[in-house]
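For reference, the chains in residue letters:
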Amino acid sequence: MPAFEGDPLLLNILTFLLLSVVIPFAGIMAAGGATALCCDLYGRRNGSEGHRRLADALMEHVAPGRFVWLLLPLGLALALLCQWLLYGLANLLSAFWIAAFALLLAGAGALRLCRKSLSRSFVQVSVLGASGIFFIAASLYLVLLSETLIQRPDQLALLPRLPGIIISWHGTWRFLSLAALSVAAAGALLRWGAPRWTGGDYGRMGGGILLGAGLVLLPVLILLELQRAAPFALSTLIFVLAAVAVVQAGAVFLLLATGNERKGAAFVLTILIFPVWILMGQIGREEAQAEAIVAGTAALVDFPVIGVPTIVAAPPAAPIVDGETVFNRHCIACHRFDSRLVGPPLNEVLPKYVGNREALIGFIRAPDRVNPDYPPMPPIVLREPEYEAVASWLLQRIEE
Ligand code: HEC
């Protein structure tokens, strides 16, 4: 699957718009659903009709209706399709994306059923509700893990052999940021809506606590996610956006402190943090992909890609004598045949070694500086038969 040939800006804007709708909806659905379940449980425990009514009303507002249930996963699928076109990822990532789509569909469906059965037994409600929340959260986690993996083109290349590499701290912190933001938004919704839904004073304080806690955690989590991002995926713009998100969170606090929160201003302001935070991820992806494709060598030299192949490949007991296996284990993190990754496209650099296998082996064993456009290649430590196998395989492939 070749990368998209047309104007990527349009696809980027479309991805951003789709994610800016899908992610807040899904996040609030999960966080609001969890809040409603807790409220329902509290109401049942304490025989408080008010809390049960409130739980019903909240669920009514956050759980998907007939159309949202289908539109939301569809929106996600479109956003992922855009990314697929943008980055041309023909590997395992697509499978993770299909899983994310299926999980969102299942989660939204379960919450929808839960909403319709709130008056039923608690077991029924909590099983449906909890599985819906879990599926939605899992879907968002997968989406964010894959987003952060796209910011590491070197590790992305390893994914087909090491599916576990999808799990990263960067993605995990980003997921937790989203969770905090969603909890804050659900709290703001509760605080704003509760008095109007039930006519009583239930939920205002609970909503305020959720809003405050989510907003206090958010800057910390954003800091942690930035700290875990690949250095070359960061740019001034991302830091500016992070600062904007923090200022927005501060503004909500100010609104609460001054008691000036008519017309759901706190809710709207909280919702507006989502697109800023989503843009951070989007710019990180673009930044990293540009670095991997265009020059950007200075950044890549700092980048600890060199550690990756060795961490990945614990030396097997016996030498590998299949050249392709050696290549996949030791070279693929940096090399493709027809495109630039960390190293040059092999189709361009190999021809000069045709008929001179020893020179190629010599280079792999102790690389010279060749092209100032690239960072230096680290020496690749292999066993003797492995050097021979990979060099023979490469030269044979290039001659075909
Ligand atoms: C950590 C990243 C990395 C790994 C792993 C890596 N290379 Fe490279 N490779 C590079 C870079 C960067 C260059 C460009 C170096 C230069 O031009 O100075 C390069 C250059 C080359 C060249 C071109 C040499 C020339 O004369 O222009 C060949 C051939 C090559 N690598 C083969 C391999 C093989 C075979 C392996 C696996 C056994 C491998 N590389 C593993 C990064 C890597």
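Structure: see above.
Right, let's walk through the structure included here. (Residues numbered from 1 in each chain as written. Predicted model: local features only at pLDDT ≥ 70, side-chain atom pairs only at ≥ 80, totals over all residues.)

1. Side note on the overall build of the protein chain
Just so we agree on the cut-off: Working definition: helices are DSSP H or I runs of at least four residues, strands are E runs of at least two. Numbering for both runs from the N terminus. The burial label depends on the number of other C-beta atoms within 10 Å of a residue's C-beta. Counts of 20 or more mean buried, 12 or fewer mean exposed, and intermediate counts mean partly exposed, with C-beta atoms placed from the backbone. Distance between backbone-placed C-beta atoms decides contact: two residues are in contact if it is within 7 Å.
Along its length, the protein chain carries 17 helices and zero strands. Within the span of the protein chain, comprising 400 residues, buried residues form 44% of the whole. Residue pairs in contact within the protein chain that sit at least 24 positions apart in sequence constitute 76% of those at least 6 positions apart.

2. Examining the packing of helix α16 (residues 357-365) against helix α17 (residues 384-399)
Which entries qualify depends on this criterion: Axis lines are fitted to C-alpha atoms, over the contacting stretch for helices. Their N-to-C directions set the angle, which ranges from 0 to 180 degrees. Put simply, angles under 35 degrees are roughly parallel, angles over 145 are roughly antiparallel, angles from 65 to 115 are roughly perpendicular, and the rest are oblique. Here is the rule for handedness: rotate from the far helix to the near one, and if that takes an anticlockwise turn smaller than a right angle the crossing is left-handed, while a clockwise turn gives right-handed. The residue classification treats Ala, Val, Leu, Ile, Met, Phe, Trp, Tyr, Cys and Pro as nonpolar and Asp, Glu, Lys and Arg as charged. All others, Gly included, are polar.
Viewed as axis vectors pointing N to C, α16 and α17 meet at an angle of 120°, and their least axial separation amounts to 9 Å. When the axes of α16 and α17 are compared, the pair comes out oblique. Here α16 runs over α17; the crossing is right-handed. Where α16 abuts α17, its residues R357, L360, I361, I364 and R365 lie against Y387, E388, A391, S392, L394 and L395. The residue makeup of the contact of α16 with α17, split by class, is seven nonpolar, one polar and three charged.

3. A word on the site of the ligand
Formally: Defining nearness, a residue is near a molecule or strand when the C-beta atom obtained from its backbone falls within 6 Å of it.
Residues in contact with the ligand amount to 26 residues; listed here are only the nearest, C331, C334, G343, N371 and M377. Of the residues that constitute the shell around the ligand, the class distribution is 21 nonpolar, four polar and one charged.

4. Things to note about the environment of F96
Its place among the elements puts F96 in helix α4 (residues 93-116). With 19 C-beta atoms packed within 10 Å, F96 lands in the partly exposed category. Taking the C-alpha atoms as reference points, F96 and P163, 67 residues apart in sequence, are found 9.5 Å from one another. Excluding residues within four positions of it along the chain, F96 makes contact with L142, S146 and I166.

5. A short note on helix α9 (residues 236-257)
As a reminder, the rule being used: Each helix should span, by expectation, one fewer than its residue count multiplied by 1.5 Å. By construction, the arc corresponds to the directions joining the helix axis to the C-beta atoms.
Over its 22 residues, α9 extends 31 Å from the first C-alpha to the last, a length consistent with the 32 Å expected when each residue adds 1.5 Å. Of all the positions in α9, only L241, A242, A245, A249 and V252 are classed as buried. Looking down the long axis of α9, one finds its buried residues gathered within 105° of arc, a one-sided arrangement. In this structure, α9 carries T236, F239, V247, G250, L254 and A257 as exposed residues pointing more than 90 degrees from its buried face. Looking at the residues trailing α9, positive phi occurs at G259, about 65°.

6. Things to note about the packing of helix α1 (residues 8-46) against helix α2 (residues 49-62)
For the pair α1 and α2, the least separation of the axes is 8 Å and the interaxial angle reads 165°. Classified by the angle their axes make, α1 and α2 are roughly antiparallel. When you trace α1 past α2, the crossing you get is left-handed. Where α1 abuts α2, its residues I28, M29, G32, G33, T35, A36, C39, D40, Y42, G43 and R44 lie against H51, R52, L54, A55, L58, M59 and V62. Across the contact of α1 with α2, the residue classes tally to 10 nonpolar, five polar and three charged.

7. A few points about helix α8 (residues 204-228)
Rules: In this analysis the local bend is the angle between axes fitted, respectively, to the seven residues ending at and the seven residues starting at the residue.
Between its terminal C-alpha atoms α8 stretches 36 Å, which fits the 36 Å expected from 25 residues at 1.5 Å a residue. Considering bend angle alone, the principal kink of α8 is centred on L218 and spans about 30°; proline P219 follows within four residues of it. Within α8, burial applies to G207, L210, L211, G214, L215, L218, L221, I222 and E225.

8. Here's the deal with the nonpolar core
Using the following cut-off: Remark: nonpolar core denotes a set of buried Ala, Val, Leu, Ile, Met, Phe, Trp, Tyr and Cys residues whose joining runs through C-beta atoms within 7 Å. By convention here, the domain bounds are inherited from an automatic or database domain assignment.
In terms of nonpolar packing, the biggest core is built from 101 residues, with A26, M29, L104, I136, L140 and A184 touching the most fellow members. In terms of residue count, the dominant contributor to this core is helix α7 (residues 169-198) (15 residues). Both domain 1 (8-293) and domain 2 (304-399) contribute no fewer than three residues apiece to this core. Contact partners of M29, with chain neighbours within four places excluded, come to V62, A63, P64, A108, L111 and I136.

9. Things to note about the environment of L341
Positionally, L341 belongs in the loop between α14 (323-330) and α15 (346-349). Considered as a pair, L341 and Y374 are 33 residues apart in the sequence and their alpha carbons are 9.9 Å apart.

By themselves, these are just geometric observations and shouldn't be taken as functional.
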